[in-house]
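A closer look at the structure
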Amino acid sequence: MTVAIYAGSFDPITNGHVAIIRSGLVAFEKIVVAGLNNPNKTSLFSVDERLEMIREAFPGDDRLEVDQFEGLLVHYCQARGVRVVLRGLRAVADFEQEIQMANMNRHMSRDIETFFVMAADYFFVSSSHVKEAASLGGRIEGTVPDGVAARLRAKFAT
Ligand code: PNS
């Protein structure tokens, strides 16, 4: 079975992430969506909330597994026996960062390949901008799954 790991912070999952996962499912039979559990990194949503929102965005899709990981992504890939990392590319600014991460991962583990997908329809969407907009009362509908928009509104309700 061709399996890819799509890792990220997903704080929270956006429609950009959803689109990358859907594109990935065209090429891979299964995708493991792995949320980073990093106690040293401040996140708006707990890891459990973040994973729950990912599951809610793909109800009943058995080609998707939602998991969490700590530490290095390459170690998680090795532990899972998966050789493909899926990443999304938005603007040119992503490219430098992503090429560095892909090369660092390759340096640490020659067995792992990074596959990139263009986030064409949602190139302007990022979790951090969505959070900022939501915190300031801006319109976020359409940038995140409906359930995520509701949770964001609840977080910032005064
Ligand atoms: O899409 P994101 O939220 O920027 O995700 C980044 C993520 C979680 C994939 C990346 O930061 C990561 O893999 N972190 C774990 C530590 C690691 O392996 N870093 C990469 C090479 S040092």
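Attention here is on the structure that accompanies the text. (Residues numbered from 1 in each chain as written. Predicted model: local features only at pLDDT ≥ 70, side-chain atom pairs only at ≥ 80, totals over all residues. Heavy atoms only, no water.)

1. A short note on the site of the ligand
In the vicinity of the ligand, the residues found are Ala 7, Gly 8, Ser 9, Leu 36, Phe 69, Gly 71, Leu 72, Leu 73, Arg 87, Met 101, Asn 105 and Met 108. For the ligand, an oxygen atom lies 2.9 Å from a polar atom in the side chain of Ser 9. A distance of 3.2 Å separates an oxygen atom of the ligand from a polar atom in the side chain of Arg 87. Computed on the free molecule, the ligand has an accessible area of 550 Å², of which 68% lies beneath the protein chains in the complex. Within the residue set of the shell around the ligand, elements represented by two or more residues are β1 (3–8) and α4 (92–108). Tallied by class, the residues present in the shell around the ligand amount to 7 nonpolar, 4 polar and 1 charged. (Near = heavy atom within 4 Å. Polar contact = N/O pair within 3.5 Å; in protein donor to acceptor, adjacent residues only side chain to side chain. Areas by Shrake-Rupley, 256 points an atom, 1.4 Å probe, with all protein chains shown as cover. Helix = DSSP H or I, 4+ residues; strand = E, 2+ residues; numbered from the N terminus. Nonpolar A, V, L, I, M, F, W, Y, C, P; charged D, E, K, R; others polar.)

2. Focus on unusual backbone geometry
In this structure, Pro 12 follows Asp 11 across a cis peptide bond, with omega equal to 0°. If you check the backbone angles, Phe 10 has positive phi at about 50° while not being a glycine. Relative to the helices and strands, Phe 10 resides in the loop between β1 and α1 (15–27). In this structure Phe 10 comes out as buried when scored by relative accessible area, which is 3%. (Buried < 20%, exposed > 50% of the residue type's maximum accessible area, 1.4 Å probe, protein only.)

3. Brief notes about the environment of Ile 20
Counting through the fold element by element, Ile 20 comes out in helix α1. With relative accessibility at 3%, the residue Ile 20 sits in the buried group. Along the chain, Ile 20 and Gly 88 lie 68 residues apart, while their C-alpha atoms are 6.0 Å from each other. Residue contacts for Ile 20: discarding those within four places in its chain leaves Tyr 6, Leu 86, Arg 87, Gly 88, Val 117, Met 118 and Ala 119. (Contact = heavy atoms within 4.5 Å.)

4. A few points about the packing of aromatic side chains
Under the counting rule described, the total for this entry stands at 4 aromatic pairs. Ring centres of Phe 123 and Phe 124 lie 6.0 Å apart, and the angle between their planes is 85°; on these two criteria the pair is classed as edge-to-face. Per residue, the accessibility class of Phe 123 equals that of Phe 124, and both read exposed. (Phe/Tyr/Trp six-rings, centres within 6.5 Å; stacked < 30°, edge-to-face > 60°.)

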